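# Summary of the model geometry
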Amino acid sequence: MGQLKMQGISKAFSGVQVLQDVELVVESGTVLALLGENGAGKSTLMKILTGEYEASSGQILIDGEPVQIKNVDDARKYGIGMIHQELNLFPNLSIADNFLIGNESDFNKSGFLEGKKLNEMVASVLKRINLARHPSELVGNLGIGEQQLVEIGKSLLREVRYMIMDEPTAALTESETERLFEIIESLKQQGVGIIYISHRMEELYRIADYVSVLRDGRFMRRGT
Ligand SMILES: Nc1ncnc2c1ncn2[C@@H]1O[C@H](COP(=O)(O)OP(=O)(O)OP(=O)(O)O)[C@@H](O)[C@H]1O
Ligand SMILES: [Mg+2]
């Protein structure tokens, strides 16, 4: 069983303490719900895990071993992926190009990703997220919910061990949300550990195995 652990994590932005001695644990094949009111520091904590922010103190352990995550490439190396609350897409580029951006290092000159052609990969991901759009369609022409699915699809393109989903359903319709839950279920089956941030309690009852609460920058409790 794999395990990802953050411990003693603190972070301040220009003197304002946002996180203080926070601990978080997620096991492979389970969903940890991360709760906390607006501004509690949930996204900040997750961006420390993806190397976007640097913690002022604390450490990250994978399977009990301390790891250094100083940038996004380090996070990828450890199989940590994130679906951002604010979409990180280029509206004037196609779906396929958006999938490619940031994943370039996995592709060689002929567009192969781990032995498979880009187009095949994109088509199979679009099928997985149930998005009936052509890979050449501009992302800016899609609805917000569809764009969120593209963001999710992008994170599925590579092998992940741990997946962070920061309010992924905020812009999704009910049927798109159902599709996401199916994806989460299949990721769980594949042994992926998921950190799921949402303010929608009914979702958490459905998909979360454990819950952690952030309050005033501190870790409150962990349990079912
Ligand atoms: N880059 C930054 N520079 C300065 N302050 C920041 C930065 N990012 C976040 N903060 C501040 O840190 C605090 C925590 O923000 P964060 O976005 O992590 O909260 P959150 O729990 O994700 O909230 P929400 O539920 O609204 O998404 C807030 O007070 C926010 O204003
Ligand atoms: Mg947030």
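Residues numbered from 1 in each chain as written. Chains lettered and ligands numbered in written order. Predicted model: local features only at pLDDT ≥ 70, side-chain atom pairs only at ≥ 80, totals over all residues. Heavy atoms only, no water.

## Side note on the domain arrangement of the protein chain
The domain architecture assigned to the protein chain consists of domain 1 (1-79 + 162-173 + 194-224) and domain 2 (88-160). The partner domain 2 presents 11 residues to the 8 residues of domain 1 that form the contact. Both faces considered, domain 1 and domain 2 share a buried interface measuring about 770 Å² in area, 62% of it formed by carbon and sulfur atoms. At the boundary of domain 1 and domain 2, one finds 0 salt bridges. Across the domain 1-domain 2 interface, the total number found is 1 residue pair in polar contact (both at pLDDT 80 or more). Split by residue class, the side of domain 1 that touches domain 2 holds 5 nonpolar, 1 polar and 2 charged. (Domains from an automatic or database assignment. Contact = heavy atoms within 4.5 Å. Buried area = accessible area lost by both parts, 1.4 Å probe. Salt bridge = Lys/Arg side-chain N within 4 Å of Asp/Glu carboxyl O. Polar contact = N/O pair within 3.5 Å; in protein donor to acceptor, adjacent residues only side chain to side chain. Nonpolar A, V, L, I, M, F, W, Y, C, P; charged D, E, K, R; others polar.)

## What about helix α4 (residues 118-128)?
Working note: α-helix, 3.6 residues per turn, so residues spaced by three or four point in the same direction. Buried residues of α4: L118, M121, V122, V125 and L126, and no others. Relative to the axis of α4, the buried residues are bounded by an arc of 130° and lie together on one face. Facing away from the buried side of α4 by over 90 degrees, the exposed positions are N119, E120 and K127. One or two residues past the end of α4 sits N130, with phi positive at roughly 60°. (Buried < 20%, exposed > 50% of the residue type's maximum accessible area, 1.4 Å probe, protein only. Helix = DSSP H or I, 4+ residues; strand = E, 2+ residues; numbered from the N terminus. Arc of directions from axis to C-beta.)

## Some thoughts on the nonpolar core
Membership of the largest hydrophobic core comes to 38 residues, with the highest contact counts inside it found for M163, M165, I184, I194 and Y196. Per-domain counts for this core show at least three residues from each of domain 1 (1-79 + 162-173 + 194-224) and domain 2 (88-160). M165 has contacts with I83, L180, I184, L187, I194, I195, Y196 and I197, leaving out every residue within four places of it along the chain. Core analysis: the second largest hydrophobic core is formed by 27 residues, V22, V26, A40 and L214 among them. (Core = buried A, V, L, I, M, F, W, Y, C linked by side-chain atoms within 4.5 Å.)

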